[in-house]
Amino acid sequence: GDGRFDLRIWNGSIRMLEDGRPVFVPNPATITFPVDGLELSYAAGSYHMNFVRIVFVLWIKLAFLAALGIWAGTFLSFPVAGLVSVGTFLVAEGASFVQSSIDMFSLTDYDGNAETWRVVAKAIADTVSNLFLVYSELKPTTRLADGRLLSWYEVGGGSVVLAIAMSALLLTGVYIMKRRELAIYSGH
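From a predicted model like this one, the values you see are computed outputs, not experimental measurements. In this numbering scheme, every chain counts its residues from 1 along its sequence in written order. For a predicted model such as this one, the threshold for reporting local features is a pLDDT of at least 70, and the threshold for listing and counting side-chain atom pairs is 80 or more; totals across whole chains, interfaces and linings nevertheless cover every residue. Only hydrogens and water are removed before side-chain values are computed, so all heavy atoms of the structure are retained for them.

Trainee: Hey, could you go over the overall build of the chain for me, with residue numbers and the actual values?
Mentor: Here a strand is any run of E in DSSP of at least two residues, a helix any run of H or I of at least four, and the numbering for each starts at the N terminus. Counting its regular elements, the chain contains seven helices and two strands. The order of helices and strands in the chain, counted from the N terminus, is β-β-α-α-α-α-α-α-α. Radius of gyration means the value over C-alpha atoms here, while the globule rule gives 2.2 Å times the residue count to the 0.38 power. Compactness check: the chain gives a C-alpha radius of gyration of 26 Å against a globular reference of 16 Å for 188 residues, more than 25% above the reference. In terms of its C-alpha atoms, the chain occupies a principal-axis envelope of roughly 110 × 55 × 30 Å. Taking all 188 residues of the chain together, 20% fall into the buried category. In the structure as shown, the chain presents an accessible area of about 14400 Å², 65% of it carried by carbon and sulfur atoms. A distance of 8 Å separates the average location of the 14 positive side-chain charges in the chain from that of its 16 negative side-chain charges. Any residue under 20% of the maximum accessible area for its type is buried, any over 50% is exposed, and the rest in between are partly exposed; the area is computed with a 1.4 Å probe on protein chains only. We get accessible surface area from the Shrake-Rupley algorithm with a probe of 1.4 Å; when it comes to residues, only the shown protein chains can shield them. In this tally Asp and Glu are treated as negative and Lys and Arg as positive; neither His nor the chain ends contributes. Where a charge lies is defined by one atom per residue type: Lys uses NZ, Arg uses CZ, Asp uses CG and Glu uses CD.

Trainee: Provide a residue-level description of the packing of helix α3 (residues 95-102) against helix α4 (residues 116-131), including the pertinent values.
Mentor: Note on geometry: axes are lines fitted to C-alpha atoms, helical ones only across the stretch in contact, with angles between N-to-C directions running from 0 to 180 degrees. It is at 9 Å that the axes of α3 and α4 come closest, and there the two elements cross at 140 degrees. Along this stretch, α3 crosses α4, giving a crossing that reads as left-handed. Residues Ala 95, Val 98, Gln 99 and Ile 102 of α3 form the contact with α4, whose own contacting residues are Lys 122, Ala 125, Asp 126, Ser 129 and Asn 130. Amino acids outside the nonpolar list (Ala, Val, Leu, Ile, Met, Phe, Trp, Tyr, Cys, Pro) and the charged list (Asp, Glu, Lys, Arg) are all regarded as polar, and Gly is one of them. Counted by class, the contact of α3 with α4 contains four nonpolar, three polar and two charged residues. It is the rotation of the near helix from the far one that decides the hand of a crossing: anticlockwise by less than a right angle makes it left-handed, clockwise makes it right-handed. Contact between two residues is taken to exist if any of their heavy atoms lie within 4.5 Å; hydrogens are not considered.

Trainee: With reference to specific residues and values, describe the pairing of strand β1 (residues 12-16).
Mentor: Pairing between strands is defined by DSSP: at least two bridges between them are needed. Bridge count for β1 against strand β2 (residues 22-26) is five bridges, and the pairing is antiparallel. Across the sheet, Ile 14 pairs through a bridge with Phe 24, a residue of β2. Hairpin connection of β1 to β2: five residues between the antiparallel strands, including Gly 20 at a positive phi of 95 degrees.

Trainee: Summarise the environment of Ile 9; cite the residues concerned and give the values.
Mentor: In this fold, Ile 9 is placed in the segment before β1. According to the relative accessible area criterion, Ile 9 is partly exposed, its value standing at 43%. Taking the C-alpha atoms as reference, Ile 9 lies 33 Å from Thr 141; in sequence the two are 132 residues apart. Excluding residues that lie within four positions of it along the chain, Ile 9 makes contacts with Ile 31, Phe 33 and Leu 38.

Trainee: I'd love a proper account of the nonpolar core, names of residues and values included.
Mentor: Remark: nonpolar core denotes a set of buried residues (Ala, Val, Leu, Ile, Met, Phe, Trp, Tyr, Cys) joined through side-chain atoms within 4.5 Å. Val 57, Phe 64, Phe 132, Tyr 135, Leu 150 and Leu 162 are the most contacted members of the largest nonpolar core, which totals 17 residues. Secondary-structure elements contributing two or more residues to this core are α1 (47-73) and α7 (152-179). It is α1 that contributes the most residues to this core, seven residues altogether. Apart from residues no more than four positions distant in its own chain, Phe 64 is found in contact with Phe 132, Tyr 135, Leu 162, Ala 165, Met 166 and Leu 169.

Trainee: Explain unusual backbone geometry to me, using residue names and the numbers behind them.
Mentor: Its identity as a non-glycine residue notwithstanding, Lys 139 has a phi of 40 degrees, on the positive side. Assignment of secondary structure puts Lys 139 in the loop between α5 (133-137) and α6 (140-146). A residue is classified by how much of its surface remains accessible, and Lys 139, at 36% relative accessible area, is partly exposed.

Trainee: Describe in detail the environment of Leu 38, supporting the description with residues and values.
Mentor: Counting through the fold element by element, Leu 38 comes out in the loop between β2 and α1. In this view, Leu 38 contacts Leu 7, Ile 9 and Phe 33; residues no more than four positions away in its chain are not counted.

Set out below in structure tokens:
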């Protein structure tokens, strides 16, 4: 009723004696739990609505990449604009992995001396991964495969951030195109 769940864990097994009585036999080894702890899953909605939200997020992410490609195409050649778009896609998809890996990255060498290149690399990786963290943490396909809920709140928050980024990219692209001097055929 109050959202609490009681769980008892015994490290051992229950065996039946010859007379039919159960007896608890402790396990001499220890058990460990992951750092994240235990997780309890429960039904929070229908698969169909979750699927609709996931497809919507995939379309928003695709629209962001299209806006990025249009923006890059306004001032870069086609191959370079394509490379920028694909590179940004890879960086955006890997941002949450990079963010979780930054904690394990040491700023010192084996002797404990701080190294400048490590500090700079960590600062750059942290900044770039933070830029794309909203894009990366939506993870629609992982949530669908794991049967996890993608709430309307997360969809709305991610969509708003990506819509703002798309608007900025497209407005900047329009500004760049208006300022460009394009060759015009005069007919002579």
